[in-house]
Every structure is written in structure tokens, then in C-alpha cells.
Amino acid sequence: MKFLMLLRKELRESMPWLLLAAIVVFAISGLLLRELARSDHRLTWRHSQLVAGQTVSPYLLTQDSALIGPIALLFTASLGLGLVLGVRHFWIPDFTRTWPFLLHRSVARSTVLASKLVAATIGLFVSLGTVWIALYWYASQPELFSVPAPVRIFIDGWIYIVLGLMVYLATALTALSRARWYTTKIFALAFATLVLFGAIFQSTVLWAFVIIVAGTVILLLQIIETFLKREY
């Protein structure tokens, strides 16, 4: 019961940021896809005018997925949302000095931490994940786009959302660290950056997923140990 109350509290406080990220990605990507659908119809009409045996430019026959632009926006929004939620959940209590009030009530520290982590996970996956599913469905309509959205780009979108969660964990660990900025306090963000680039430049989804999971587990274990042992 206490966990659910804390979870609702964290989700309520995070809701403005979750809605803002979802609305921005959906609105901009929706407008972009709508314009691309119109240009795709014009391109399809040009294909229908070709004559048998006519020499065709290779450029005319190649076309990127309509989700190239939206997935770049999703990537940016995911990282930004992870950073904002990390600041909201772990930096703000430091700035306002409300950690003692929150932790010295009749609730275990592990429950407080779990409510924040679960709220961030639900928020990222529901807000951006729902939008991404809707965008992929729209881009897969054959009557709108001559080139269907590939499954790989759909998977890549979910990988970017998980990367946003990893940024959230790195931001949280940085906030919990008692070290100075010029020593090891920034190590968590630097580690997340290395994992991010390592995953993006992988040629296979499997290796990218393995790298992200390993980085997320390392950050999560460090957060649990630091949060449970830290003096507030």
C-alpha cells in the first residue's frame, strides 16, 4: 500500500514532463509523416509514368523509411526525458533538503527507491512507447507509403527508449554521489555516454541490447547500494 501511494506521487509529479515529451514527439512526427505521405504519393505517380525500357536514375528508385525523422526526434526526447526525470526524482530533493522528511517516515528506503525507479520506467515506456507504436502503425499503412516501415527501425526506437532509462539511472547516481564534480561524481554520466555510443555503433541489435542491459544493471546496482547506505 505504501509503495503504491509513493508510486502515484512520483507519477503525478512526473506527469507534466511525460505529457510534454509525448505531445512534442507525436505532434512534430505526425506533421512530418503527413507531409511525407503526400510527397510519397507524388513519387508513386512518377513511377507510374515510367515507360518500359526507359533508363531510370537509381536515386528515383531509392527511398528511406518515413520514420527516419521521427526516430531521431524520439531519440532526443528519450534522452532528454530521462535526464529531466532523474533531476526531478533525485536532484530536487537534494536542492530542497527534503530527503530526511521522505526517508525518516515509516517506510523502508528500498520502497522509496523502488517507487522512483518504477515510476520512471512506466513513464518512459508508456509515454514515448505508446507514441512510437502509433507512429510505426501510421508509417506502415500501404495506402499512405509505398515503402513500409521496417521492423528494425521499430526495434531501434525501443532501444532508444531504454537508453533514456539508462540516462535516468546515470543522472540519479550522479545526484546520490557524495564525491566532488572534479573527482568521481561525473563518472556515472560519463559511463552512460560510453554505453550509449557503444550501443548506437553496433551493427546488430543483439549486441546493442547486450551492451545496454549490462550498462543498466551496473548503474542500477550502484544506485541501490549508494541509496541504501548514504547518510541524509
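In case you missed it, the structure is sitting above this.
Throughout, a residue's number is its position along its own chain's written sequence, starting from 1. Where totals are concerned, whole chains, interfaces and linings use all residues; where local detail is concerned, this predicted model gives features only for residues with pLDDT of at least 70, and gives and counts side-chain atom pairs only at 80 or more. With hydrogens and water stripped out, all remaining heavy atoms of the structure feed into the side-chain values.

1. A closer look at the side chain of Ser78
- Helix and strand labels come from DSSP, where a helix needs a run of H or I of at least four residues and a strand needs a run of E of at least two; each type is numbered from the N terminus. By the secondary structure assignment, Ser78 is in helix α3 (residues 68–96).
- Polar contact criterion, stated in full: a pair of N or O atoms within 3.5 Å, where within protein one must be able to donate a hydrogen and the other to accept it, and residues adjacent in sequence count only if both atoms are side-chain atoms. Within the structure, Ser78 has its side chain in polar contact with the backbone nitrogen of Gly164 (distance 3.4 Å).
- Ignoring anything within four residues of it in the chain, the contact list for Ser78 reads Leu124, Leu128, Tyr160, Ile161 and Gly164. Contacts are assigned to residue pairs with any non-hydrogen atoms lying within 4.5 Å of each other.

2. Overview of the packing of helix α5 (residues 109–139) against helix α6 (residues 151–176)
- Note on geometry: axes are lines fitted to C-alpha atoms, helical ones only across the stretch in contact, with angles between N-to-C directions running from 0 to 180 degrees. Following both chains from N to C, one finds α5 and α6 inclined at 155°, their axes separated by 10 Å at the closest point. Between α5 and α6, the angle falls in the class roughly antiparallel. Relative to α6, the crossing made by α5 is right-handed. The segment α5 lies against α6, with Lys116, Leu117, Ala120, Thr121, Leu124, Phe125, Leu128, Gly129, Trp132, Ile133 and Tyr136 engaging Val151, Ile153, Phe154, Gly157, Trp158, Ile161, Val162, Gly164, Leu165, Tyr168 and Leu169.
- Any residue that is not Ala, Val, Leu, Ile, Met, Phe, Trp, Tyr, Cys, Pro, Asp, Glu, Lys or Arg is counted as polar, Gly included; the first ten are nonpolar and the last four charged. Tallied by class, residues from the contact of α5 with α6 come to 17 nonpolar, four polar and one charged. Working rule for angles: under 35 degrees goes down as roughly parallel, over 145 as roughly antiparallel, 65 to 115 as roughly perpendicular, anything else as oblique. Each helix crossing is assigned a hand: it is left-handed if the near helix lies turned anticlockwise from the far helix by less than a right angle, otherwise right-handed if that turn is clockwise.

3. Description of the side chain of Lys116
- By the secondary structure assignment, Lys116 is in helix α5.
- A polar contact is formed between the side chain of Lys116 and the side chain of Glu10, at a distance of 3.0 Å.
- Ignoring any residue separated from it by four or fewer positions in sequence, one finds Lys116 in contact with Glu10, His89, Phe90, Trp99, Leu102 and Tyr168.

4. Let's talk about the environment of Ser140
- Checked against the element boundaries, Ser140 lands in the loop between α5 and α6.
- Here Ser140 falls in the partly exposed class, since its relative accessible area comes to 27%.
- Taking the C-alpha atoms as reference, Ser140 lies 9.2 Å from Ala66; in sequence the two are 74 residues apart. Each residue gets one of three labels from its accessible area relative to the maximum for its type: buried under 20%, exposed over 50%, partly exposed in between, using a 1.4 Å probe on protein chains only.

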